[in-house]
2 protein chains.
Amino acid sequence: MYNKLRAFSKNLAKDIPEEEIELICSYFKPMTALKEKILVSENEIASQMYFINEGCLRAYYIQENGNEATRYISFEGGFATSFSSFISQRPATDNLQAVKKSQLLRISRADFYHLADNNIYFQKIYRRALEIGMVHNIWRLETLLSMDAKSRYEDLIKAQSHIVQKLPNKIVASYLGISQETLSRLKGKSK
Amino acid sequence: MYNKLRAFSKNLAKDIPEEEIELICSYFKPMTALKEKILVSENEIASQMYFINEGCLRAYYIQENGNEATRYISFEGGFATSFSSFISQRPATDNLQAVKKSQLLRISRADFYHLADNNIYFQKIYRRALEIGMVHNIWRLETLLSMDAKSRYEDLIKAQSHIVQKLPNKIVASYLGISQETLSRLKGKSK
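Residues numbered from 1 in each chain as written. Chains lettered and ligands numbered in written order. Predicted model: local features only at pLDDT ≥ 70, side-chain atom pairs only at ≥ 80, totals over all residues. Heavy atoms only, no water.

Caption draft 1: Seen up close, the overall build of chain A. Of regular secondary structure, chain A possesses eight helices and eight strands. By the compact-globule yardstick of 16 Å for 191 residues, chain A fits well, its C-alpha radius of gyration being 17 Å. Buried residues in chain A amount to 53% of all 191 residues. When contacts within chain A are restricted to residue pairs at least 6 apart in sequence, long-range pairs at least 24 apart make up 67% of them. Accessible surface, chain A as shown: approximately 8900 Å² in total, 48% of it carbon and sulfur. (Helix = DSSP H or I, 4+ residues; strand = E, 2+ residues; numbered from the N terminus. Rg over C-alpha atoms; globule rule 2.2 N^0.38 Å. Buried < 20%, exposed > 50% of the residue type's maximum accessible area, 1.4 Å probe, protein only. Contact = heavy atoms within 4.5 Å. Areas by Shrake-Rupley, 256 points an atom, 1.4 Å probe, with all protein chains shown as cover.)

Shown next, in the form of structure tokens:
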């Protein structure tokens, strides 16, 4: 149950002793989220951080026309929540959803910051996770600001091909910020 | 020279003692960047973090068609660099430029991480700066993914009106991901 969180912790804080890993794990509680379960809704304040043990979560916005825009998609072995709301404690503008049935480890915000403020290894883990998130978000901004649909699709194949392979076109198109028709055309061409 | 860095440090680490602020300041060296000076170029590896004392820096991409896409614009009182390259030590894909003559305080990456790894107050400052960056980048992604040109312009006026007021249309349009013509139309309408 905790093996992926153990590996994630060791990877982000190389010098972490076994007993500190076990201490950190003891704050995380297992839970199952069924397919399409909403873990944070728009206007709610995020009170939990989730570590994905198995499955897939995504954060998305609902546009004025009712269409969805997916900001991020996270598979096993990473943190997920409505980050802006979790950090700032303001109402979420996005929705966090289980794309398929997912095994999660959840920790309350109070416990998360207790560890981040007091445990030197968790401090490292959180700083490194924020740095990885920063690099990822900058890559997303770069693709949206400076690439056309074709380059954006090709870049996604290079960087995160599992998203294109594993998820329905509707979600992939909403992640790329393109229509499903354009995505089908690009998929056809690249075969 | 160091007053804004002192205020920034106190704001992000409330309990920081005066002597620790002075220690942190001693690692930052003053420099002037003339208007349009490039501080990090595409393909270079970022080796410095800049604190903006006075002036304005921006990070931008050059698109295949030669147009520029501005990812962020930072005024006095914040850190700036090519963050992905600074963190990952891979070649930058963006350019960091002084929009106007700017007074900066610069710190080498080695000194920056020395402080981040060893000074408990700078640890707090860096974590908080990363959290603020995370919230900002998520807001940028939200505007690009889920808003049309008009909503994006109105949202920018609400969140960062100084960008629209102080900078040339060319840069504002490249920040919003819209054409200069569309920006002129939106500015005309909102008067």
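Caption draft 2: Layout of the interface of chain A and chain B. Contact with chain A, which involves 33 residues of that partner, is made by 33 residues of chain B. Taking both sides of the interface into account, the surface hidden between chain A and chain B amounts to around 3200 Å²; carbon and sulfur atoms contribute 67%. Of all residues in chain A, Arg127, Met134 and Leu145 of chain A give up the largest surface area on contact with chain B, accounting jointly for 21% of the area buried on that side. Where arginine 127 of chain B meets aspartate 117 of chain A, a salt bridge forms, and the shortest distance between an N and an O atom there is 3.0 Å. Viewed at the interface, chain B and chain A are joined by twelve residue pairs in polar contact (both at pLDDT 80 or more). Breaking the side of chain A that touches chain B down by element, the ones donating at least two residues are strand S5 (68-75), helix H3 (83-88), helix H4 (109-118), helix H5 (120-146) and helix H7 (169-176) of chain A. Here the side of chain A that touches chain B takes 16 residues from H5 of chain A, the largest share from any one element. Among the residues forming the side of chain A that touches chain B, the class breakdown is 15 nonpolar, ten polar and eight charged. (Buried area = accessible area lost by both parts, 1.4 Å probe. Salt bridge = Lys/Arg side-chain N within 4 Å of Asp/Glu carboxyl O. Polar contact = N/O pair within 3.5 Å; in protein donor to acceptor, adjacent residues only side chain to side chain. Nonpolar A, V, L, I, M, F, W, Y, C, P; charged D, E, K, R; others polar.)

Caption draft 3: Region of the structure containing the packing of aromatic side chains. Within this structure, the stated rule accounts for 24 aromatic pairs over all chains. Centre to centre, the rings of tyrosine 72 of chain A and phenylalanine 83 of chain A are 5.7 Å apart; their planes meet at 40°, and the pair counts as tilted. Of this pair, tyrosine 72 of chain A sits in strand S5 while phenylalanine 83 of chain A sits in helix H3; the two residues are eleven residues apart in sequence, bridging distant segments of the chain. An identical accessibility class is assigned to tyrosine 72 of chain A and phenylalanine 83 of chain A; each is buried. When the centroid spacing of 6.1 Å and the interplanar angle of 90° are considered together, the rings of tyrosine 113 of chain B and tyrosine 126 of chain B count as edge-to-face. Remark: tyrosine 126 of chain B occurs in helix H5 (residues 120-146) and tyrosine 113 of chain B occurs in helix H4 (residues 109-118); sequence separation between them is 13 residues. (Phe/Tyr/Trp six-rings, centres within 6.5 Å; stacked < 30°, edge-to-face > 60°.)

Caption draft 4: Structural view of empty space enclosed by the protein. All names here are of chain A. Within this structure, the stated rule accounts for one cavity of 30 Å³ or more. Approximately 40 Å³ is the volume attributed to the largest cavity. Lining of the largest cavity is provided by Trp139, Arg140, Thr143, Arg152, Leu156, Tyr175 and Leu176. The dominant element in the lining of the largest cavity, judged by the number of residues it contributes, is H5, at three residues. For the lining of the largest cavity, a count of residues per class yields four nonpolar, one polar and two charged. (1 Å grid on protein atoms, 1.4 Å probe; cavity = no way out; pocket = protein on both sides within 12 Å on 5 of 7 lines; lining within 4 Å. Points joined across faces, edges and corners; volume = space filled by probe spheres on them.)

Caption draft 5: Representation of the side chain of aspartate 94 of chain A within the structure. All names here are of chain A. With respect to the helices, strands and loops of the structure, aspartate 94 is situated in the loop between H3 and strand S7 (95-98). Since its relative accessible area comes to 4%, aspartate 94 is described here as buried. Polar contacts involving the side chain of aspartate 94 include one to the side chain of serine 82, which spans 2.6 Å. In contact with aspartate 94, other than residues within four places in its own chain, are Val40, Ser41, Glu42, Ala59, Tyr60, Tyr61, Arg71 and Ser82.

Caption draft 6: Quick look at the relation of the copies chain A and chain B. Aligned on chain B, chain A shows an RMSD of 0.0 Å; the corresponding rotation is 180° and the shift along the axis is 0.0 Å. Put plainly, the chains are arranged around a two-fold axis. In this assembly, 100% of the residues forming the interface of chain A have copies in chain B that are likewise at the interface, indicating an isologous arrangement. (Least-squares fit on C-alpha atoms with pLDDT ≥ 70 in both.)

Caption draft 7: Structural view of the pattern of salt bridges. Going through the model one piece at a time under the given rule, you end up with 18 salt bridges over all chains. With its nearest N and O atoms 2.9 Å apart, the salt bridge here joins aspartate 94 of chain A to arginine 71 of chain A. Here aspartate 94 of chain A, found in the loop between H3 and S7, pairs with arginine 71 of chain A, found in strand S5; they are 23 residues apart in sequence, far enough to count as distant. We note that aspartate 94 of chain A, like arginine 71 of chain A, is buried. Measuring nitrogen to oxygen at the nearest pair gives 2.7 Å for the salt bridge that ties arginine 58 of chain B to glutamate 68 of chain B.

Caption draft 8: Geometry of the environment of lysine 37 of chain A. Residues and elements named next belong to chain A. Tracing the sequence through the fold places lysine 37 in the loop between strand S1 (29-33) and strand S2 (38-40). Separated by 143 residues in the primary sequence, lysine 37 and glutamine 180 place their C-alpha atoms 23 Å from one another. Ignoring anything within four residues of it in the chain, the contact list for lysine 37 reads Leu96, Gln97 and Ala98.

Caption draft 9: View of the sheet that holds strand S6 (residues 79-80) of chain A. All names here are of chain A. Ordered in space as S1-S8-S3-S6, the four strands form an open sheet in which the pairing is antiparallel. The open sheet has two edge strands, S1 and S6, and neither has a second partner. Pairing geometry for strand S3 (residues 48-54) and strand S8 (residues 102-108), over six bridges, is antiparallel. Bridge assignment links phenylalanine 51 to a residue of S8, and that residue is leucine 105. The sheet strands contacting helix H1 (residues 3-12) are S3, S6 and S8, and the helix crosses S3 at an angle near 110°. Those strands touched by H4 are S3, S6 and S8, and its axis lies near 70° from that of S8. (Pairing = 2+ DSSP bridges. Axes fitted to C-alpha atoms, helices over the stretch in contact; angles between N-to-C directions.)

Caption draft 10: Broad picture of the pairing of S3 of chain A. Residue and element names in this part refer to chain A. For S3, the tally of buried residues reaches six of seven residues, placing the bulk of the element in the interior. Across two bridges, the pairing between S3 and S6 is antiparallel. Bridge pairing links tyrosine 50 to alanine 80 in S6.

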